[in-house]
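Here is how the chains run, residue by residue.
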Amino acid sequence: MREITLQEVLDAREARAAAQRQLLDRYRHPLLCLTMNIAGPLKRWGTVDLVFRAAETELDRCLQGRVLKKCKTDAATGLECIWACDIPAPELKELAIELETRNSVGRLYDLDVIGTDGIKLSRPTPRTCLVCGGPATPCARSRAHGLDAILAATHALLNDFAADYLAETAVQALIDEVELAPKPGLVDRHNNGAHRDMDLGMFHRSAKALAPYFREAVSLGLASDDCMPALQQAGLRAEQAMLVATDGINTHKGAIYALGLVLAALGGVLARDGDVFARAAALAAAGLPAPDTTHGAQAKAKYHAGGARAEALFGFPHGQMAWAVLREHSGNPFPALLTLLSQVEDTNLLYRGGPEGLSFVQREATAILAGPPDQYIPRLKELDDACIARNLSPGGSADLLVLGLLLYRTESIWYTA
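Please read these numbers as outputs of a predicted model, since none were measured by experiment.

Reading guide: rules and limits
Counting starts from 1 at the beginning of each chain's written sequence and moves along it residue by residue. Thresholds applied to this predicted model are a pLDDT of at least 70 for local features of residues and 80 or more for the giving and counting of side-chain atom pairs; totals over whole chains, interfaces and linings are not thresholded and use all residues. To obtain the side-chain values, all non-hydrogen atoms of the structure were used and water was disregarded. Here a strand is any run of E in DSSP of at least two residues, a helix any run of H or I of at least four, and the numbering for each starts at the N terminus. Note on classification: 1.4 Å probe, protein chains only; a residue is buried when its accessible area is under 20% of the maximum for its type, exposed when over 50%, partly exposed between these limits. In this description, contact between two residues means that some pair of their heavy atoms is separated by no more than 4.5 Å. Here the Shrake-Rupley method, with its probe set to 1.4 Å, supplies the accessible areas, and only the displayed protein chains count as covering residues. In short, DSSP must find at least two bridges between two strands for them to pair. A fitted line through C-alpha atoms serves as each axis, taken over the contacting stretch for helices, and the angle formed by two N-to-C directions is quoted from 0 to 180°. Here a helix's expected span is defined as the number of its residues, less one, multiplied by 1.5 Å. The arc in question is the one traced by the directions running from the helix axis out to the C-beta atoms. Angle categories: roughly parallel below 35 degrees, roughly antiparallel above 145, roughly perpendicular from 65 to 115, and oblique for all the rest. Crossing handedness is defined as follows: a turn of the near helix away from the far one that is anticlockwise and smaller than a right angle gives a left-handed crossing, while the clockwise case is right-handed. Asp, Glu, Lys and Arg are counted as charged, while Ala, Val, Leu, Ile, Met, Phe, Trp, Tyr, Cys and Pro are counted as nonpolar; the rest, among them Gly, fall into the polar class. Here a salt bridge means any side-chain nitrogen of Lys or Arg lying within 4 Å of a carboxyl oxygen belonging to Asp or Glu.

K.L.:
Help me understand the overall build of the protein, please; the structure alone is not making it clear to me.
P.N.:
A count of helices and strands for the protein gives 18 helices and four strands. Within the span of the protein, comprising 417 residues, buried residues form 49% of the whole. Counting contacts in the protein only where the partners sit at least 6 residues apart, residues at least 24 apart contribute 68% of the total. Carbon and sulfur atoms form 53% of the exposed surface of the protein, whose accessible area is close to 19400 Å².

K.L.:
What is the right way to read the sheet that holds strand S3 (residues 78-85) from this model?
P.N.:
By way of backbone hydrogen bonds, the strands of a sheet pair with one another, either parallel or antiparallel. Pairing within the open sheet is antiparallel, and its four strands lie in the order S2-S3-S1-S4. Edge strands, defined here as strands with exactly one partner in the open sheet, are strand S2 (67-75) and strand S4 (109-114). Pairs of neighbouring strands in the sheet enclose a mean axial angle of 15°, with direction left out of account. Pairing analysis gives six bridges linking strand S1 (residues 31-36) to S4, with the strands arranged antiparallel. What sits directly across from Leu-32, in S4, is Val-113. Sheet strands in contact with helix H2 (residues 46-63) are S1, S2, S3 and S4, and its direction is about 10° off that of S3.

K.L.:
How do you make sense of helix H16 (residues 376-390) when you look at a structure like this?
P.N.:
Given 3.6 residues to a turn, an α-helix orients residues that are three or four positions apart in the same direction. With 15 residues, H16 should cover 21 Å at 1.5 Å per step; its first-to-last C-alpha distance of 21 Å lies within 8% of that length. Of all the residues in H16, the buried ones are Tyr-376, Leu-380, Leu-383, Asp-384 and Cys-387. For H16, the angular spread of buried residues about the axis comes to 110°, placing them on one side. Opposite the packed face of H16, turned more than 90 degrees from it, sit the exposed residues Glu-382 and Ala-389. Elements in contact with the buried residues of H16: helix H14 (333-343) and helix H15 (347-370). A positive backbone phi angle near 60° is found at Asn-391, which sits one or two residues after H16.

K.L.:
What am I meant to see in the pairing of S3 here?
P.N.:
Within a regular strand, the side chains alternate between the two sheet faces. For S3, the buried fraction is high: eight of the eight residues fall into the buried class. The sheet contact formed by S1 and S3 spans four bridges and is antiparallel. Note on S3: the bridge partner recorded for Cys-33 is Ile-82. When S2 meets S3, the two strands line up antiparallel, connected through eight bridges. The residue bridging Thr-73 from the neighbouring strand is Glu-80, located in S3. From the end of S2 to the start of S3, which pair antiparallel, there are two residues.

K.L.:
What is the right way to read the packing of H14 against H15 from this model?
P.N.:
In a packed pair of helices, the relevant descriptors are the angle between the two axes and the axis-to-axis distance. Look at H14 against H15: their axes get within 7 Å of each other, and the N-to-C directions meet at 140°. In this view, H14 runs oblique relative to H15, as classed from their interaxial angle. For the element pair H14 and H15, the recorded crossing hand is left-handed. Contacts from Pro-335, Leu-338, Thr-339, Leu-341, Ser-342 and Gln-343 of H14 reach H15 at Val-361, Gln-362, Ala-365, Thr-366, Ile-368 and Leu-369. Among the residues forming the contact of H14 with H15, the class breakdown is seven nonpolar, five polar and no charged.

K.L.:
How should I be thinking about unusual backbone geometry in this particular structure?
P.N.:
In this model, Ala-181 is joined to Pro-182 through a cis peptide bond whose omega is 0°. Assignment of secondary structure puts Pro-182 in the loop between helix H5 (147-179) and helix H6 (200-209). Of note in the backbone geometry, Asp-273 takes a positive phi value of approximately 65° without being a glycine. If you check the backbone angles, Phe-316 has positive phi at about 55° while not being a glycine. Relative to the elements of secondary structure, Phe-316 occurs in the loop between helix H12 (307-313) and helix H13 (317-328).

K.L.:
How should I be thinking about the pattern of salt bridges in this particular structure?
P.N.:
Evaluated as defined, the whole model comprises 24 salt bridges. For Glu-8, the salt bridge goes to Arg-2, with nearest N and O atoms at 2.5 Å. Assessed through its relative accessible area of 44%, Arg-2 is described here as partly exposed. We note a salt bridge from Glu-91 to Arg-66, for which the minimum N-O separation is 3.3 Å. On the criterion of sequence distance, the pair formed by Glu-91 in helix H3 (residues 89-102) and Arg-66 in the loop between H2 and S2 is long-range, its members being 25 residues apart. Residue classification places Glu-91 among the partly exposed positions, given a relative accessible area of 39%. Among the residues examined, Arg-66 registers a relative accessible area of 33% and is labelled partly exposed. Sharing partners across several salt bridges, the network here consists of Glu-56, Asp-60, Lys-70 and Lys-72.

Put into structure tokens, the structure is as follows:
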């Protein structure tokens, strides 16, 4: 995004006021207006838009069923939303203040409520200064703090929100994957699959234990492109946190690697733009190969399979495929799961069942995909029973489904149609 001129700011304000007048004239109901309070000539970058969209989503949820009209503007001066609501203006103002004060990043929201008389409702208490925490108006009038200090405080709030938001999204992707049922040979809410040492609760504990690592991965990517050494050390600490949570069982080692790379890459996209998959591939290339003691590494060496690192070095083509299928099917995970099972050279399947086990799962998943969608679940249940009997578990495909879910839920950050 580019720096904007004072005239562009004034023109945007005039256009917003005209839109507000039109909505009031047409709907005769109060308006709620959302913009971002960003100082300086640059009004938009990745984290600003992320925070705006999160606030917009929350307001859509709170206002559901009571919106007469919603208007959205996408300009260099900033994203804007105006809702005409069947809600009394004082109630709307309470909602706005609650959202502004719910967490620290709400200080950057500019939420105005306009009554049917066209007058903007005032706040009962003054807003606080970004830098010193005192009343904002005296600091602004006296220019008590320079632009650099204000922007530093702004970036800190935005980056903290982005790290928390993406970490929560990654944890939820892990939980949604393990809860999905039926899945062939994998732990889910129906059974433990082909695993005698794992269960659903263990995966929940493991996912939650990884939240600090996911947050650190985003923060490292936000700060620098050259973050792979620090990310690799953070990943080793995350593996230990996982093992503590699971009493020594490896539940998410593959996900730690893949999600860490992509979360750091997403942080880089938010801070400096670029292609998320090229960023993730560059990070993977800068990292050290995993030790050959893992099951995946042993299968890779024995059967000349690509494995998790090859997937990362090529920019996660199967993760992208899972995202595309999720997008095509409005987030339905079963077609994405079956597509992965039919195409991925899963080193977990190779380790447990050799080429025959991999071929069996790929062949069965391809057949299920070719059939009617209403048969996906019963036929996956049959494949689950067969995988349990054969001691097969496609853990690599499960990790890629998690990655696809993360990409699907964060596509507003990295995807441009």
